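Next come the chains, spelled out residue by residue.
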Amino acid sequence: FHRLFILLVHAHFISKMAAVQDGQVDLEVEKKEIKTETSNDGSGNNNANSSSPGSTSLGATSKSPTGPAEDQQTLLAVLQFLKRNKLNESVDILRREAGLSVEIDDSPGSASGGAGSGGASNSTVDGGDTNSLLSRVSIAIPAAPAVTAAPVPPKGLDQPDVNVVLSAYSQQGDPDLYPLYYNGLKKFIESVLDCHRAELSQVFYPLFVHMYLELVYNNHEVEAKQFFEKFSGDQECYYAEDLRILSGMTKKEHMKGNETMLDFRTSKFVLRISRDSYQLLKRHLQERQNNQIWNIIQEHLYIDIFDGMPRSKSQIDAMSGSLAGEAKRDANKTKVFYGLLKEPEIEVPLDDEDEEAENEEGKPKKKKPKKDSMGSKSKKQDPNAPQQTRIPLPELKDSDKLDKIMNMKEAAKKIRLGSDNLPSICFYTFLNAYQGLTAVDITDDSSLIAGGFADSTVRVWSVTPKKLRRVKSAADLSNIDKESDDVLERIMDEKTASESKILYGHSGPVYGISFSPDRNYLLSSSEDGTVRLWSLQTFTCLVGYKGHNYPVWDTQFSPYGYYFVSGGHDRVARLWATDHYQPLRMFAGHLADVTCTRFHPNSNYVATGSADRTIRLWDVLNGNCVRILTGHKGPIHSLAFSPNGKFMASGATDGRVLLWDIGHGLMIGELKGHTDTIYALRFSRDGEILASGSMDNTVKLWDTLKAFDDVELDDFTAATGHIHLPENSQELLLGSYTTKSTPVIHLHFTRRNLLLAAGAYNP
Amino acid sequence: MAEERRPKQCTVVLPTESMKAMAESIGVGQLQEESCAALSEEVSYRIKEIAQDALKFMHHGKRRKLMTSDIDHALKIKNVEPLYGFQSQEFIPFRFASGGGRELHFYEEKEVDLSDIINTPLPRVPLDVSLKAHWLSIEGVQPAIPENPPPAPKEQQKAESTEPLKAVKPGQEEEGSIQKGQGATSAEAKGQCKKEGLIRMKPRSTHELSVEQQLYYKEITEACVGSCEAKRAEALQSIATDPGLYQMLPRFSTFISEGVRVNVVQNNLALLIYLMRMVKALMDNPTLYLEKYLHELIPAVVTCIVSKQLCLRPDVDNHWALRDFAARLMAQSCKTFSTTTNNIQSRITKTFTKSWLDEKTQWTTRYGCIAGLSELGPDVIKTLIIPRLTIEGARIKAVIEGPVVSNIDKIGADHVQSLLLPRSTLTVSQSGIGGSVGSRTPSIIKVPSSLTLMSTRPGTPTQPSPPATKYIVMATSAGASSTQQVP
């Protein structure tokens with residue numbers, strides 16, 4: 001399967017990448033590309049859209065047993081689309097590959113008819129994701145040159161009814177009745193029992209949006225405006241951002257090419273409602289013959305029905321807020337191997353150890369037992385850990401081993417943090433950063449610090465007395481005695497020694513930056529759509545990874561090096577290996593920009609935060625989305641995994657930090673206190689303390705040990721995901737430190753648990 | 001929930017006139033009203049869309065301010081050519097013009113003479129980006145160094161000193177920061193506080209100074225009273241601007257009050273002046289709130305105003321300037337700190353008046369009292385000084401024209417006279433024309449440059465109007481008119 005997936009992705013990209021990257025000018029393909037792009041009325045997202053669903057859904061076909069039937073439909077729709085745009089070459093390739101996958105699918109396909117959950121409304125149980133992709137593809141069609149006869153798909157399967165999705169808002173109700181309908185429902189929901197009211201109130205927002213869009217779509221401009229003004233005030237305040245976008249949209253023409261709208265129309269808004277409440281709603285709507293609302297619920301809402309107690313208002317509020325509602329419960333059911341990989345056993349040279357002990361008087365006692373414990377830990381295999389070879393990882397080099405030894409030595413000296421033993425914070429202020437500091441990273445051993453700037457430069461500083469030196473030129477290198485012991489020292493050019501180096505190459509602000517674990521490379525992602533790999537030996541650019549055609553918001557190296565992940569405005573996160581110019585995986589599914597990307601400590605998973613206010617966790621092995629976490633009320637700008645890989649913290653523009661249990665896919669904590677966007681999150685080396693840095697010029701320290709302890713997970717909450725959040729975020733706050741006027745945009749714990757913070761002074 | 005902040009944005013649309021103006025600017029003459037309306041709606045929508053995208057770039061640029069470059073990038077991802085030449089960093093240089101019944105916003109493009117640019121000297125090269133490290137926190141406690149914000153913001157200091165009961169509350173809501181600001185409250189103590197919950201006392205503020213602070217204190221105080229003027233200026237500058245002095249404030253105020261006590265006895269004019277300059281610097285520091293230390297500072301300042309003798313040779317040395325300077329400080333602190341609770345101003349006024357009224361008061365003290373009162377504003381001058389002008393005039397006359405008793409008295413009387421004269425004339429002339437307390441009376445005493453007092457206001461003498469002078473002359477005494485010519 002693995003191979004197949006890679007094949008598919010490659011096949012799909014060859015047509016484009018070959019033309020764009022290798023410089024082989026494939027005129028035909030390129031011409032067609034331009035054509036489709038222009039024909040798509042400049043929405044510009046065509047490229048990403050038409051390619052990503054193909055690849056990911058294909059990935060899904062070969063992997064996920066949930067909805068192969070829909071996947072096939074998607075495939076056919078893609079084929080149709082390609083044909084209409086006369087991309088015959090791609091059609092051939094795709095069909096060849098699809099033929100393969102279709103054959104694979106046929107076996108489980110028959111059993112998948114009722115794979116959806118609750119089964120209350122048959123038309124709503126489609127796999128939301130694939131379905132959305134299907135419709136997104138088809139959205140592009142009306143703008144394309146009209147082709148009357150839809151080509152008959154091969155294999156005689158049911159032809160996917162593309163037009164149904166197209167005419168999403170085909171129903172023509174009397175525009176004057178809309179407010180009446182809405183009011184009727186409002187009255188009903190206000191009159192039901194308290195325990196159901198909170199749950200049913202969730203329906204308001206999606207219903208409001210779709211009714212408004214329906215009015216706009218059917219050119220009832222005035223009524224739409226009135227409807228908006230009348231009911232927009234009733235919506236929860238965390239939807240204000242979306243409402244603002246909606247309010248700007250008053251004409252049918254506006255709906256074309258508006259991405260937010262596309263999301264609303266094509267993806268189903270997911271609600272979780274208890275069975276009792278749902279029955280109430282259904283009965284009411286049927287009694288009243290309220291087809292208008294019923295149709296919307298059937299077509300645009302996905303109601304995830306569960307058995308048991310209805311949820312309370314606070315429970316619902318904690319989880320809602322994302323662009324497309326909550327995550328479906330079965331979206332978070334896949335097992336995630338969140339354990340850490342076994343550390344390779346490295347013999348620590350004993351004589352060194354003794355030397356250290358002598359240098360640092362009075363410490364040897366502590367060191368011995370700790371080392372033993374570490375040794376025993378690494379010997380036992382964590383039951384939650386993925387297999388060591390689940391994804392291929394680069395082999396350790398000698399220098400890596402040396403570094404590991406250094407790391408262990410440092411770790412032995414690290415301070416035990418806790419609520420009564422807070423870390424010291426050293427703040428690195430960037431002065432005179434008129435260019436605008438946009439990203440910062442610090443190496444794991446805290447020896448180098450890099451800054452990305454809005455003037456498209458990347459600057460690297462050494463924060464140790466060791467200066468930055470360049471490798472000598474090739475001519476000089478040939479004169480060096482390669483047999484000498486200090487050859488590594490000799491290849492460096494003393495004349496170039498300086499405290500900082502500037503890397504030029506990007507043509508737009510640098511938004512993401514990441515050091516490789518071995519400190520030989522630096523990655524930077526930029527507004528110009530590229531990710532660049534820089535050598536820290538020569539201080540030159542080695543590779544420009546092109547793939548995102550839009551700004552790349554974030555990038556990060558895997559903790560084991562070699563792989564890296566990037567995410568950007570095109571809503572897709574990509575996994576790359578440094579020696580491939582094409583991405584290995586595409587993680588598509590977010591409904592808005594991917595704003596931040598983080599590797600899980602075991603390198604098997606990637607977490608992405610998005611402007612659609614969800615966090616997704618992706619499996620690197622097969623590209624599947626294994627967790628969808630909702631609850632933030634604003635775009636997510638920072639993510640951090642706990643060092644044991646079990647938990648995750650996320651920070652957003654709403655100034656809240658949320659804590660997540662990855663194994664169960666549950667929100668387990670909410671830390672309130674910041675007043676502005678949180679740009680930096682970091683767990684201490686042992687995970688006892690979470691540091692958060694924000695635009696409000698503060699660094700705050702949180703007691704995560706207590707936060708994780710306080711959570712009681714019984715079987716019921718684990719099964720339903722309805723958690724009662726403890727209201728104790730003030731007790732968890734251990735300290736708050738304000739800078740003079742410096743937003744905190746990066747945090748880093750050194751190996752000895754000293755907290756480093758960085759930001760640009762902003763007078 | 002969102003009831004009160006109901007968005008009204010859907011109605012915001014560009015005026016159709018703008019469309020017309022734009023159409024005209026590209027040569028389309030008669031644009032129909034309907035097309036204008038349609039266009040303006042479309043344009044408004046697109047502008048909103050671009051603004052939304054630009055916001056994204058602002059967020060990722062980690063800024064709070066939207067910049068023109070953000071708009072450019074937003075246009076770029078929409079495949080629209082960016083607006084070249086809009087590289088304004090701070091503001092959008094729109095100008096407004098109206099005429100012929102039309103209103104226009106345009107942006108100004110000045111003609112620039114190239115030779116001007118070539119001939120002007122090059123501006124200073126901006127500094128390159130640099131990294132600077134400092135301790136934001138040491139084991140949970142934020143050190144009071146200039147790189148960090150003042151540990152206790154001025155508002156909090158004020159709240160603590162004026163309303164000590166209320167000041168505890170923010171501490172409860174947001175432990176950590178404030179307690180730490182109070183000084184070296186250890187982490188354990190804080191933990192206990194938390195457990196005690198409701199019955200939490202106002203945290204004891206320990207006044208232990210770190211080694212650095214002790215060093216700083218020593219250096220600063222030595223520099224302030226030392227002989228090197230350059231060092232002193234630097235030290236005073238530091239006192240007036242450094243944000244981390246909160247914890248050293250009690251030391252400084254004790255230093256000043258003790259210093260004044262000793263030096264008054266020793267008649268060391270120079271040192272008294274230096275100490276008063278320290279008071280001034282402390283008052284100027286925007287991060288300090290002195291209310292808690294006024295009980296030490298005010299006696300010191302008042303001593304410098306009214307003391308019988310401030311210098312060894314009262315006939316030669318210019319101790320008058322010190323009195324004036326201290327009087328100004330007094331007035332400033334009255335203005336800043338006087339409340340209905342502490343009644344500083346009225347208490348000070350009483351003190352001054354009492355000793356002025358005393359027949360036996362020396363001329364030096366008399367001068368100080370009058371100077372102190374006259375700094376307190378036109379109201380005080382009107383109610384307390386003016387009614388006594390006649391009596392005072394007579395007294396001055398007696399000294400000046402009478403038999404020479406002592407030279408010192410004569411000089412004192414002289415000074416009192418010159419102090420009283422312009423002040424009263426000014427006030428009288430003000431009240432004469434019906435204007436009342438508008439502006440504060442400027443002091444006329446010029447501070448001798450040799451003493452270099454840090455004066456807040458330039459000592460510009462105002463020319464009183466002639467008729468008022470006459471009135472004064474008549475009011476004081478006719479005989480003295482020859483000597484009372486206004487300079």
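Just so we're clear, the structure is a prediction, and the values are computed from it rather than from any experiment.

A closer look at the overall build of chain B
Part 1: When its secondary structure is counted, chain B shows 20 helices and 3 strands.
Part 2: Relative to its 487 residues, chain B shows a buried fraction of 43%.
Part 3: Sequence separation of at least 24 residues holds for 61% of the intrachain contacts in chain B that already meet a minimum separation of 6.
Part 4: When the accessible surface of chain B is split by element, carbon and sulfur atoms take 59% of a total near 27200 Å².

Here we look at the packing of helix H14 (residues 319–337) of chain B against helix H15 (residues 344–357) of chain B
Residue and element names in this part refer to chain B.
Part 1: Between H14 and H15, the least distance of the axes is 9 Å, while the angle of their chain directions is 150 degrees. As judged from the angle between their axes, H14 and H15 are roughly antiparallel. Contact with H14, carried on its side by Met330, Cys334 and Phe337, involves Ile344, Gln345 and Ile348 of H15 and no other residues of that element.
Part 2: Looking at the contact of H14 with H15, its residues break down into 5 nonpolar, 1 polar and no charged.

Here we look at the interface of chain B and chain A
Part 1: The partner chain A presents 72 residues to the 56 residues of chain B that form the contact.
Part 2: Both sides together, the interface formed by chain B and chain A hides about 5800 Å², and carbon and sulfur atoms give 55% of it.
Part 3: Of all residues in chain B, B:His60, B:Lys62 and B:Leu131 give up the largest surface area on contact with chain A, accounting jointly for 13% of the area buried on that side.
Part 4: Two residues, A:Arg459 and B:Asp128, come together in a salt bridge whose shortest N-O distance is 3.0 Å.
Part 5: Summed over the shared surface of chain B and chain A, the result is 16 residue pairs in polar contact (both at pLDDT 80 or more).
Part 6: A total of 11 residues in the side of chain B that touches chain A trace back to one element, the largest contributor, which is helix H2 (residues 33–60) of chain B.
Part 7: Looking at side-chain class alone, the side of chain B that touches chain A contains 19 nonpolar, 14 polar and 23 charged residues.

Re the environment of A:Tyr278
Part 1: Locating A:Tyr278 in the fold gives a position in helix H15 (residues 275–287).
Part 2: With 26 residues separating them along the chain, A:Tyr278 and A:Asp304 place their C-alpha atoms 9.6 Å apart.

Side note on the side chain of B:Glu49
Part 1: On the secondary structure map, B:Glu49 appears in helix H2.
Part 2: Beyond its immediate sequence surroundings of up to four residues, B:Glu49 is in contact with A:Asn258 and B:Lys78.

What to know about the nonpolar core
Part 1: Counting 74 residues, the largest nonpolar core has B:Ile239, B:Ile256, B:Val260, B:Met276 and B:Met330 as the members making the most contacts within it.
Part 2: Residues A:Tyr205, A:Leu207, A:Ile293 and A:Leu301 belong to the second largest nonpolar core, which totals 45 residues.

Overview of the sheet that holds strand S16 (residues 572–577) of chain A
Residue and element names in this part refer to chain A.
Part 1: On the basis of which strands lie adjacent, the open sheet formed by 4 strands has the order S14-S15-S16-S17 and antiparallel pairing. A strand with exactly one partner marks an edge of an open sheet, and here the two such strands are strand S14 (552–557) and strand S17 (585–588). Here the strands of the sheet are splayed against their neighbours by 15 degrees on average, with no regard to which way each runs.
Part 2: The pairing of strand S15 (residues 563–568) with S16 spans 5 bridges and is classified as antiparallel. Residue pairing for S16: Ser566 is matched across the bridge by Arg574.

A word on the pairing of strand S23 (residues 647–652) of chain A
All names here are of chain A.
Part 1: The buried fraction of S23 amounts to 6 of the 6 residues, a majority that puts the element mostly inside the structure.
Part 2: Every second residue of S23 is oriented toward a common face, with Phe647, Ala649 and Gly651 on one face and Met648, Ser650 and Ala652 on the other, all of them buried.
Part 3: Of the pairings in the sheet, the one linking strand S22 (residues 636–641) to S23 comprises 5 bridges and is antiparallel in character. Looking at S23, one finds that Phe641 is bridged to Met648.
Part 4: Between S22 and the antiparallel strand that follows it, S23, lie 5 residues; Gly645 among them carries a positive phi value of about 75 degrees.

Structural notes on the sheet that holds strand S18 (residues 594–599) of chain A
One key point about sheets: their strands pair by backbone hydrogen bonds, in either a parallel or an antiparallel sense.
Residue and element names in this part refer to chain A.
Part 1: Taken together, the 4 strands give an open sheet; going across it, the order is S18-S19-S20-S21, and neighbouring strands pair in antiparallel fashion. At either margin of the open sheet sits one strand with a lone partner, and together these are S18 and strand S21 (625–630). The mean inter-strand angle of the sheet, taken between neighbouring strand axes irrespective of direction, is 20 degrees.
Part 2: Relative to strand S19 (residues 605–610), S18 runs antiparallel, the two sharing 5 bridges. Paired with Val594 across the strands is Ser610, a residue of S19.

Some remarks on a nonpolar patch on the surface
All names here are of chain B.
Part 1: A cluster of nonpolar residues, Val112, Leu114, Ile117 and Ile118, forms a patch on the protein surface that exposes about 440 Å² of accessible area.
Part 2: Residue position: Val112 is located in the loop between strand S2 (102–107) and helix H4 (114–119).
Part 3: A residue is classified by how much of its surface remains accessible, and Val112, at 59% relative accessible area, is exposed.

Re the environment of B:Glu234
All names here are of chain B.
Part 1: Topologically, Glu234 is positioned in helix H10 (residues 229–241).
Part 2: A residue is classified by how much of its surface remains accessible, and Glu234, at 62% relative accessible area, is exposed.
Part 3: Separated by 11 residues in the primary sequence, Glu234 and Ala223 place their C-alpha atoms 8.3 Å from one another.

So, the confidence of the model for chain B
Residue and element names in this part refer to chain B.
Part 1: Per-residue confidence for chain B gives a mean pLDDT of 72; residues scoring 70 or more make up 70%.
Part 2: Summarising per-element confidence for chain B, the mean pLDDT is lowest in helix H20 (residues 466–476) (35) and highest in strand S3 (residues 130–137) (90).
Part 3: With pLDDT under 50 throughout, residues 1–10 is counted as low confidence; its partners more than four residues away or in other chains account for 22 contacts.
Part 4: Note that residues 426–487 has pLDDT below 50 and, in this model, 88 contacts with residues that lie over four places away or in other chains.
Part 5: Quick note on the complex model: pTM equals 0.66, ipTM equals 0.74.

Thoughts on the pattern of salt bridges
Part 1: Counted by the stated rule, this structure contains 43 salt bridges over all chains.
Part 2: Across the pair A:Glu494 and A:Arg469 runs a salt bridge, and its minimum N-O distance is 2.6 Å. Of this pair, A:Glu494 sits in strand S8 (residues 492–498) while A:Arg469 sits in strand S7 (residues 468–471); the two residues are 25 residues apart in sequence, bridging distant segments of the chain.
Part 3: The partner of B:Arg46 in a salt bridge is B:Glu49, with the nearest N and O atoms 3.2 Å apart. Pair noted here: B:Arg46 and B:Glu49 are both in helix H2, with a separation of 3 residues, about one helical turn.
Part 4: What makes B:Arg46 partly exposed here is its relative accessible area of 30%.
Part 5: Exposure remark for B:Glu49: the relative accessible area of 9% places this residue in the buried category.
Part 6: Overlapping salt bridges, with partners in common, bring together A:Asp403, A:Asp444, A:Asp445, A:Arg519, A:Arg685 and A:Arg751 in one network.

So, how was this worked out
Throughout, a residue's number is its position along its own chain's written sequence, starting from 1. Both sets of labels track the order of writing: A upward for chains, 1 upward for ligands. Selection of residues for local features in this predicted model requires a pLDDT of at least 70, selection of side-chain atom pairs for listing and counting requires 80 or more, and totals for whole chains, interfaces and linings are taken over all residues. The basis for the side-chain values is all heavy atoms of the structure; hydrogens and waters are excluded. The secondary structure listing takes helices from DSSP runs of H or I that are at least 4 residues long and strands from runs of E that are at least 2 residues long, numbered from the N terminus. The rule is simple: take the accessible area with a 1.4 Å probe, protein chains only, and divide by the maximum for that residue type; under 20% is buried, over 50% is exposed, in between is partly exposed. Here a residue-residue contact requires only that any non-hydrogen atoms of the pair lie within 4.5 Å. Methods summary: accessible areas were calculated by the Shrake-Rupley approach with a probe of 1.4 Å, and residue burial reflects only the protein chains presented. The angle between two axes is taken between their N-to-C directions and runs from 0 to 180 degrees, where each axis is a line fitted to C-alpha atoms and a helix contributes only its stretch in contact. An angle below 35 degrees is treated as roughly parallel, one above 145 as roughly antiparallel, one from 65 to 115 as roughly perpendicular, and anything else as oblique. Any residue outside Ala, Val, Leu, Ile, Met, Phe, Trp, Tyr, Cys, Pro, Asp, Glu, Lys and Arg is labelled polar, Gly included; the first ten of those are nonpolar and the last four are charged. What counts as buried area is the accessible surface, traced by a 1.4 Å probe, that two parts surrender upon association, with contributions from both included. What makes a salt bridge here is a side-chain nitrogen of Lys or Arg within 4 Å of a carboxyl oxygen of Asp or Glu, nothing more. Pairs of N or O atoms are called polar contacts if they sit within 3.5 Å, as long as, within protein, a hydrogen donor faces a hydrogen acceptor (for residues adjacent in sequence, only side-chain-to-side-chain pairs). Nonpolar cores were defined as sets of buried Ala, Val, Leu, Ile, Met, Phe, Trp, Tyr and Cys residues, with membership established by side-chain atoms within 4.5 Å. Here, strands pair whenever DSSP counts at least two bridges between them. For patches, a residue must show more than 30% relative accessible area and have no salt bridge; joins then use 9 Å for like charges and 5 Å for nonpolar side chains, namely Val, Leu, Ile, Met, Phe, Trp and Tyr. Values of pLDDT, which run from 0 to 100, indicate the predictor's confidence residue by residue.

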